[in-house]
There are 2 protein chains.
Amino acid sequence: MKKISDSTIRRLSKYYRTLTGLIESGVDTISSNEIANINSITSAQVRKDLSFFGTFGKRGLGYNTEQLREQIAKILGLKRNWNVAMVGFGNIGRALINYMEFKKQGFHISAIFDNDPMKVGQEVESIKINSIDDAADIVREQNIEIVIIAVPGKHAQATIDHFIKCGVHAFLNFAPVAVKVPDDVLVKNENMSIELEALSFFLTNVK
Amino acid sequence: MKKISDSTIRRLSKYYRTLTGLIESGVDTISSNEIANINSITSAQVRKDLSFFGTFGKRGLGYNTEQLREQIAKILGLKRNWNVAMVGFGNIGRALINYMEFKKQGFHISAIFDNDPMKVGQEVESIKINSIDDAADIVREQNIEIVIIAVPGKHAQATIDHFIKCGVHAFLNFAPVAVKVPDDVLVKNENMSIELEALSFFLTNVK
C-alpha cells in the first residue's frame, strides 16, 4: 500500500465521526463539499484522502452516508474489536479506564499493569491490575495487540521495550517523551498540549 | 493571514518538540530533511509549512535550532503565558491538573469550575473549585482566555455557550460530542480514540 500520511489517517477518523453524526441525524447522502465544510477543509482534500483507498460514491450524486462510514471503518480497522492493555494506573490511567469512547470504537482495555505492589492484584471496573513481570503471559493469553503507556516519562522507553519483547507492535504513549522503536512498531504520542497550541495559535494569529 | 490548515499547525507543534529535543541533545543546526525524517514526512512538507510564516534558515546551511524553535514558539503563541480554566472536575479533570506538559508550554490552569456543591469551595493543587455561576466574574478577574471542557457530553454545548457569553473564544473539548460555536470561537476536540485508530489502521494495513 502507498504510504498514507498521518494527516490523512487523522482526517479519515474525522470523516468517520462526521458520518456517524449525519447518520444519527437521518442524513442519507452527502457530497464531498459538505463533508469538507463540516471539517473546515477543501472538498479536493476529502476526495484525495478517499482516493488512496478506491472509488467511493457516484459522480454528481455524492456518497451514501452508511456505505461510506462502513468503508472508512474497514480502512481504519474498526470492523473488529482490539484487546488493549494499559500500563500505569495513576491519574491518566484512572481517567482512561472510564473513557467510553475507546469501547465505543472497539478498543477494549482488558488488562492493567502497574509496578506498585499496593495496586497489583486489585480490580478496577472488573479489570485486574497485574505486575509488569507477568506481561509476556498476559499479552499472549489475552491476545493484547495495543498497549497504552501511562507511566512517568522516565519509564516510558523501558516499558515499551519490554512490551515489544512480549510481541506488541502498537503503542499509544501518554508519557511526554520521544521513544525509539524498530520499524515494525508504531508509537503514537498523545500529547494533550498540542491541541492547546492550536488554540494559542488561533488567539495569537486569527481572532 | 492566509488560512493555515489544522495539519500545518499540528506539524509546527511537532517541529517545535523536535527542535526542543535536538537543543537538549546539543544540536546547533539541522536541515529540513532531518526534521522531516524525525517526523516521518517529506522535507518539501517541512519547507512548505514554514514558508507560510516567512523565510527561515539559509539555503544549503539548514536552520539554527535555537532560532527556529524561537520563531515557531512565536508563531504558536508560546512566547507568553495563557490563563486557562477547567470546567468539570471528574476523572479527566483530575488527570489534567497534574499534567505537567500544559505548564511547561505556558498554559496555566488557574481556575476550576464544577457544579457539584460538594466540590465547590475545595482547593486542588492550590486552585480553587468554583461554581459555574461565578464564571463571568472569575473569567474577567483572572483574564481567562482558554477553557478546557471536561464535563459529560450532554453538558458540553451549554457549558461552552455559557463561557462564550463570559467572553471566552477558545476551548479544548474533552467531551466526545460535536458542538456549534460562532465563527470567532475555536473549539478543538481532544478525542483520545483518534490516536488509537491510527494504531488499528497500522495493524490492519501496514504491519
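Parameters and conventions
Numbering of residues starts from 1 in every chain and runs along the sequence as written. Chain letters start at A and ligand numbers start at 1, both assigned in the order the entries are written. Restriction of local features to residues with pLDDT of at least 70 applies here, the model being predicted, together with a cutoff of 80 or more for giving and counting side-chain atom pairs; totals for whole chains, interfaces and linings are based on all residues. Side-chain figures throughout are based on the complete set of non-hydrogen atoms in the structure, without hydrogens or water. For the purposes of this entry, the term helix denotes a DSSP run of H or I that reaches at least four residues, the term strand denotes a run of E that reaches at least two, and both are numbered from the N terminus. Here the term buried applies to any residue with accessible area under 20% of the maximum for its type, exposed to any over 50%, and partly exposed to those in between, with areas from a 1.4 Å probe on protein chains only. Working rule for contacts: check all heavy atoms of both residues, and any pair within 4.5 Å makes them a contact. Buried area: the sum, over both parts, of the accessible surface (1.4 Å probe) that disappears when the two are put together. We define a salt bridge as a side-chain nitrogen of Lys or Arg found within 4 Å of a carboxyl oxygen belonging to Asp or Glu. Pairs of N or O atoms within 3.5 Å make up the polar contacts considered here, provided that, within protein, one atom can donate a hydrogen while the other can accept it, and that residues adjacent in sequence are counted only when both atoms are side-chain atoms. The nonpolar class holds Ala, Val, Leu, Ile, Met, Phe, Trp, Tyr, Cys and Pro. Asp, Glu, Lys and Arg form the charged class, and all remaining residues, Gly among them, are polar. In this analysis, the expected span of each helix is defined as 1.5 Å times one less than the number of residues it contains. Domain ranges listed in this record stem from an automatic or a database domain assignment. DSSP-based pairing: two strands are paired if at least 2 bridges between them are found. Only C-alpha atoms enter the line fits that serve as axes; for helices the fit covers just the stretch in contact. Angles between N-to-C directions range over 0 to 180 degrees. For this quantity, the arc is that covered by the directions from the helix axis to the C-beta atoms. Copies are brought into register by a least-squares superposition over C-alpha atoms of residues with pLDDT of at least 70 in both. Here, the term right-handed applies to a crossover whose path from the first strand over the helix to the second runs clockwise when the strands point away from the viewer.

**Side note on the overall build of chain A**
(1) Moving on: The helix and strand inventory of chain A stands at nine helices and nine strands.
(2) Moving on: Principal-axis analysis of the C-alpha atoms gives chain A an extent of 60 × 45 × 35 Å.
(3) Moving on: Relative to its 207 residues, chain A shows a buried fraction of 50%.
(4) Moving on: Once local pairs closer than 6 in sequence are excluded, the contacts in chain A between residues at least 24 apart make up 56%.

**Here we look at the interface of chain A and chain B**
(1) Moving on: Facing the 60 residues of chain A at the interface are 60 residues of chain B.
(2) Moving on: Taken over both partners, the interface formed by chain A and chain B buries close to 5,700 Å², and the fraction arising from carbon and sulfur atoms is 67%.
(3) Moving on: Here chain A and chain B share six salt bridges between them.
(4) Moving on: For the salt bridge of A:Arg17 with B:Glu197, the shortest nitrogen-to-oxygen distance reads 2.8 Å.
(5) Moving on: The tally of links from chain A across to chain B stands at 18 residue pairs in polar contact (both at pLDDT 80 or more).
(6) Moving on: Mapped by element, the contributors of at least two residues to the side of chain A that touches chain B are helix H1 (6-24), helix H4 (65-75), helix H5 (91-97), helix H6 (100-104), strand E8 (170-173), strand E9 (186-189) and helix H9 (193-206) of chain A.
(7) Moving on: Per-element accounting of the side of chain A that touches chain B gives the leading share, 13 residues, to H9(A).
(8) Moving on: For the side of chain A that touches chain B, the residue count by class is 30 nonpolar, 14 polar and 16 charged.

**Regarding H9(A)**
Residue and element names in this part refer to chain A.
(1) Moving on: Along its 14 residues, H9 runs 19 Å from first to last C-alpha, staying within 8% of the 20 Å computed at 1.5 Å per residue.
(2) Moving on: Judged by how many residues are buried, H9 sits mostly within the fold: 11 of 14 residues are covered.
(3) Moving on: Among the residues of H9, those classed as buried are Ser 193, Ile 194, Glu 195, Leu 196, Glu 197, Ala 198, Leu 199, Ser 200, Phe 201, Phe 202 and Leu 203.

**Examining the domain arrangement of chain A**
(1) Moving on: The domains assigned to chain A are domain 1 (6-75) and domain 2 (82-193).
(2) Moving on: Just the C-alpha atoms count here: the centres of domain 1 of chain A and domain 2 of chain A sit 31 Å apart.

**Re the sheet that holds strand E7 (residues 146-149) of chain B**
All names here are of chain B.
(1) Moving on: Overall, mixed pairing links the seven strands, which are arranged E5-E6-E4-E3-E7-E8-E9 in an open sheet. A strand with exactly one partner marks an edge of an open sheet, and here the two such strands are strand E5 (123-124) and strand E9 (186-189).
(2) Moving on: The strands touched by helix H7 (residues 135-142) within the sheet are strand E3 (82-87), strand E4 (107-113) and strand E6 (127-130), with E4 carrying the most contacts at an inclination of about 160 degrees.

**A word on the side chain of A:Ser131**
Residues and elements named next belong to chain A.
(1) Moving on: Along the chain, Ser 131 turns up in the loop between strand E6 (127-130) and helix H7 (135-142).
(2) Moving on: Side-chain polar atoms of Ser 131 contact the backbone nitrogen of Asp 133, separated by 3.1 Å.
(3) Moving on: The residues contacting Ser 131, other than those within four sequence positions of it, are Phe 113, Asp 114 and Val 120.

**Focus on H7(B)**
Because each turn of an α-helix spans 3.6 residues, side chains separated by three or four positions end up pointing in the same direction.
Residues and elements named next belong to chain B.
(1) Moving on: Taken together, the buried positions of H7 are Ala 135, Ile 138 and Val 139. Viewed along the axis of H7, the buried residues span an arc of 100 degrees, placing them on a single side of the element. Exposed side chains of H7 directed beyond 90 degrees from the buried face belong to Arg 140 and Glu 141.
(2) Moving on: Contacts made by the buried residues of H7 are with E4, E6 and helix H8 (153-165).

**Some thoughts on unusual backbone geometry**
(1) Moving on: Despite not being glycine, A:Glu125 shows a phi value in the positive range, around 50 degrees.
(2) Moving on: Assignment of secondary structure puts A:Glu125 in the loop between strand E5 (123-124) and E6.
(3) Moving on: In this structure, B:Ser40 is a non-glycine residue whose phi angle is positive, near 55 degrees.
(4) Moving on: Here B:Ser40 shows up in the loop between helix H2 (32-38) and helix H3 (43-51).
(5) Moving on: Classification of B:Ser40 as exposed rests on a relative accessible area of 54%.

**Quick notes on the relation of the copies chain A and chain B**
(1) Moving on: Laying chain A over chain B is done by rotating through 180 degrees and shifting 0.0 Å along the axis; what remains is an RMSD of 0.0 Å. Each copy turns onto its partner about a two-fold axis.
(2) Moving on: Here 100% of the interface residues in chain A have copies in chain B that are interface residues too; the copies meet face to matching face.

**A few points about the pairing of strand E7 (residues 146-149) of chain A**
Residues and elements named next belong to chain A.
(1) Moving on: Every second residue of E7 is oriented toward a common face, with Ile 146 and Ile 148 on one face and Val 147 and Ile 149 on the other, all of them buried.
(2) Moving on: Relative to E8, E7 is paired through four bridges, and the arrangement is parallel. The residue of E8 that forms the bridge with Ile 148 is Leu 172.
(3) Moving on: In terms of handedness, the path from E7 via helix H8 (residues 153-165) over to E8 forms a crossover that is right-handed.

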